[in-house]
Amino acid sequence: MGNRVAREDFEWVYSDQPHADRRKEILAKYPEIKSLMGPDPRLKWIVCTMVAVQFLAFFLVKDLPWKWVLFWTYAFGSCINHSMTLAIHEISHNTAFGNNRAKWNRWFAIFANLPIGLPYSASFKRYHLDHHRYLGGDGVDVDIPTDFEGWFFCTRLRKLIWIMFQPLFYAIRPLYINPKPISQLEIINTAVQLAFNALLYWVWGAKPLVYMLMGSLLGMGLHPISGHFIAEHYMFLKGHETYSYYGSLNLLTFNVGYHNEHHDFPSIPGRRLPMVKKIAAEYYKDLPCYTSWVKVLYDFIMDDELSPYSRVKRRLTGDIKQE
């Protein structure tokens with residue numbers, strides 16, 4: 001199903017990532033952008049509402065026939081759970097309670113993690129901040145696929161399978177690329193999540209548990225929202241390593257599609273990123289962007305020039321300070 005992708009390695013570059021320099025230029029020209037930084041007071045209430053909606057869904061699916069459990073798992077639960085992972089992404093930047101209450105953000109992320117079913121939030125923060133600081137960094141940025149992924153998933157059928165099982169690769173990849181000692185917060189995150197899963201099964205049975213876990217796996221696999229995994233940093237055009245998406249699914253994903261803007265200003269909450277684009281319009285108007293994550297997925301699978309190797313990678317030098 002499709003020819004083998006000709007690319008046999010990543011796109012190695014010897015320059016720094018573009019976001020730090022662009023941030024300095026924009027702030028020098030538009031210092032008012034600093035006023036957009038800081039916590040988003042709405043975020044915690046939106047997250048609490050989403051958690052409550054999923055708890056209600058757990059109750060509603062417990063007596064449904066299995067065919068309807070599976071239908072609502074993909075049609076609704078997968079959307080909410082993927083959106084919850086992006087809420088955790090927001091919280092990892094301390095945008096719920098601010099930098100002065102960093103621990104509050106971490107505990108709140110564990111709470112937001114509950115309806116996802118898989119202990120995720122504590123580990124995500126540790127690795128995601130490295131992704132921002134060392135974008136494309138060899139041996140540090142675990143958003144970059146492994147050599148095995150690039151070598152093996154090189155035909156249309158294999159790329160389709162790779163996208164379907166993206167959650168598995170994202171979970172395993174850090175253990176291979178950049179293993180870190182397990183932190184106390186990760187242990188707590190895991191213990192709290194497993195206790196919640198057991199309680200959910202004990203109170204309402206297997207169907208809510210399946211709805212929750214399968215919703216997370218399906219929502220981060222072959223799903224329209226999952227187009228952001230590919231859209232953000234896969235090199236569809238040579239010389240560009242970060243891409244923004246300006247489509248309606250940003251409403252469900254805390255504006256994660258504004259990805260150039262996010263990497264330029266990671267301390268600005270997603271709700272305010274469109275204001276960055278509006279204020280500093282000349283810096284973003286000519287950058288390549290997308291309007292459909294579904295088309296991104298389709299093009300990635302069908303284009304025989306694209307594969308997991310289609311990422312910019314750089315060797316890091318000097319002092320590397322990881323989370």
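Not measured: the values here are computed from a predicted model. (Residues numbered from 1 in each chain as written. Predicted model: local features only at pLDDT ≥ 70, side-chain atom pairs only at ≥ 80, totals over all residues. Heavy atoms only, no water.)

### Details of the layout of surface pockets
Next, step 1: Roughly 1100 Å³ of volume is contained in the largest pocket.
Next, step 2: Along its surface, the largest pocket is lined by 41 residues, and Tyr120, Ser123, Phe124, Tyr170 and Ala171 are the ones closest to its centre.
Next, step 3: Mapped by element, the contributors of at least two residues to the lining of the largest pocket are helix H3 (66-92), helix H5 (121-133), helix H8 (166-177), helix H9 (184-204) and helix H11 (227-233).
Next, step 4: Among the residues forming the lining of the largest pocket, the class breakdown is 23 nonpolar, 12 polar and six charged.
Next, step 5: Space inside the second largest pocket adds up to approximately 390 Å³.
Next, step 6: Looking at the second largest pocket, it is lined by 21 residues, and the ones nearest its centre are His93, Leu129, Phe265, Pro266 and Ser267.
Next, step 7: Contributions of two or more residues to the lining of the second largest pocket are made by helix H1 (19-29) and H5.
Next, step 8: Among the elements that line the lining of the second largest pocket, the one with the most residues is H5, at four residues. (1 Å grid on protein atoms, 1.4 Å probe; cavity = no way out; pocket = protein on both sides within 12 Å on 5 of 7 lines; lining within 4 Å. Points joined across faces, edges and corners; volume = space filled by probe spheres on them. Helix = DSSP H or I, 4+ residues; strand = E, 2+ residues; numbered from the N terminus. Nonpolar A, V, L, I, M, F, W, Y, C, P; charged D, E, K, R; others polar.)

### Section: the packing of helix H2 (residues 43-61) against H3
A packed helix pair is summarised by two numbers, namely the angle formed by the two axes and the spacing between the axes.
Next, step 1: Contact pair H2 / H3: the axes reach a minimum separation of 11 Å and the direction vectors enclose 155 degrees. Relative to H3, the element H2 is oriented roughly antiparallel. For the element pair H2 and H3, the recorded crossing hand is left-handed. Along its contact with H2, which presents Leu43, Val47, Met50, Val51, Val53, Gln54 and Val61, the element H3 presents Val69, Phe76, Gly77, Ile80, Asn81, Ser83, Met84, Ala87, Glu90 and Ile91.
Next, step 2: Tallied by class, residues from the contact of H2 with H3 come to 12 nonpolar, four polar and one charged. (Axes fitted to C-alpha atoms, helices over the stretch in contact; angles between N-to-C directions. Parallel < 35°, antiparallel > 145°, perpendicular 65-115°, else oblique. Left-handed = near helix turned anticlockwise from the far one by under 90°. Contact = heavy atoms within 4.5 Å.)

### Brief notes about the pattern of salt bridges
Next, step 1: A full pass over the atoms with the stated rule returns 14 salt bridges.
Next, step 2: The partner of Arg126 in a salt bridge is Glu186, and the shortest N-O contact between them spans 2.7 Å. Linking Arg126 in helix H5 with Glu186 in helix H9, this pair joins segments that are 60 residues apart in sequence.
Next, step 3: Across the salt bridge formed by Asp130 and Lys180, the nearest N and O atoms sit 2.5 Å from each other. Placement of Asp130 in helix H5 and of Lys180 in the loop between H8 and H9 is noted, with a sequence separation of 50 residues between them.
Next, step 4: Here Lys180 falls in the buried class, since its relative accessible area comes to 16%.
Next, step 5: What you see here is one network of salt bridges that share partners, running through Arg7, Glu11 and Lys238. (Salt bridge = Lys/Arg side-chain N within 4 Å of Asp/Glu carboxyl O. Buried < 20%, exposed > 50% of the residue type's maximum accessible area, 1.4 Å probe, protein only.)

### Observations concerning the packing of aromatic side chains
Next, step 1: This model, assessed by the stated rule, comprises 26 aromatic pairs.
Next, step 2: An aromatic cluster of at least three residues, connected via ring pairs, comprises Phe148, Trp151, Phe152, Phe153 and Phe169.
Next, step 3: Positioned over the ring face of Phe152 is Arg158, at 4.4 Å from the centre of the ring. (Phe/Tyr/Trp six-rings, centres within 6.5 Å; stacked < 30°, edge-to-face > 60°. Lys NZ or Arg CZ within 6 Å of the ring centre and 35° of its normal.)

### Here we look at the UniProt feature "domain: Sphingolipid delta4-desaturase N-terminal" (unreviewed entry) in the chain
Next, step 1: Listed under "domain: Sphingolipid delta4-desaturase N-terminal" (unreviewed entry) in the UniProt record, and renumbered for this structure, are residues 5-43.
Next, step 2: Taken end to end, residues 5-43 is 31% helix and 5% strand, and its two terminal C-alpha atoms sit 42 Å from one another. (UniProt positions renumbered as here; feature names shortened; annotations may be inferred.)

### Quick look at the nonpolar core
Next, step 1: Core analysis: the biggest nonpolar cluster contains 38 residues, and Val47, Met84, Ile91, Trp162, Ile230 and Phe300 have the highest contact counts within it.
Next, step 2: Those elements that place two or more of their residues in this core are H2, H3, helix H4 (102-113), helix H7 (156-164), H11 and helix H15 (293-302).
Next, step 3: Ranked by the residues each element gives to this core, the list is headed by H3, at six residues.
Next, step 4: Counting residues in each nonpolar core, the second largest holds 12 residues, with Ile26, Leu27, Val276 and Tyr284 among its members. (Core = buried A, V, L, I, M, F, W, Y, C linked by side-chain atoms within 4.5 Å.)

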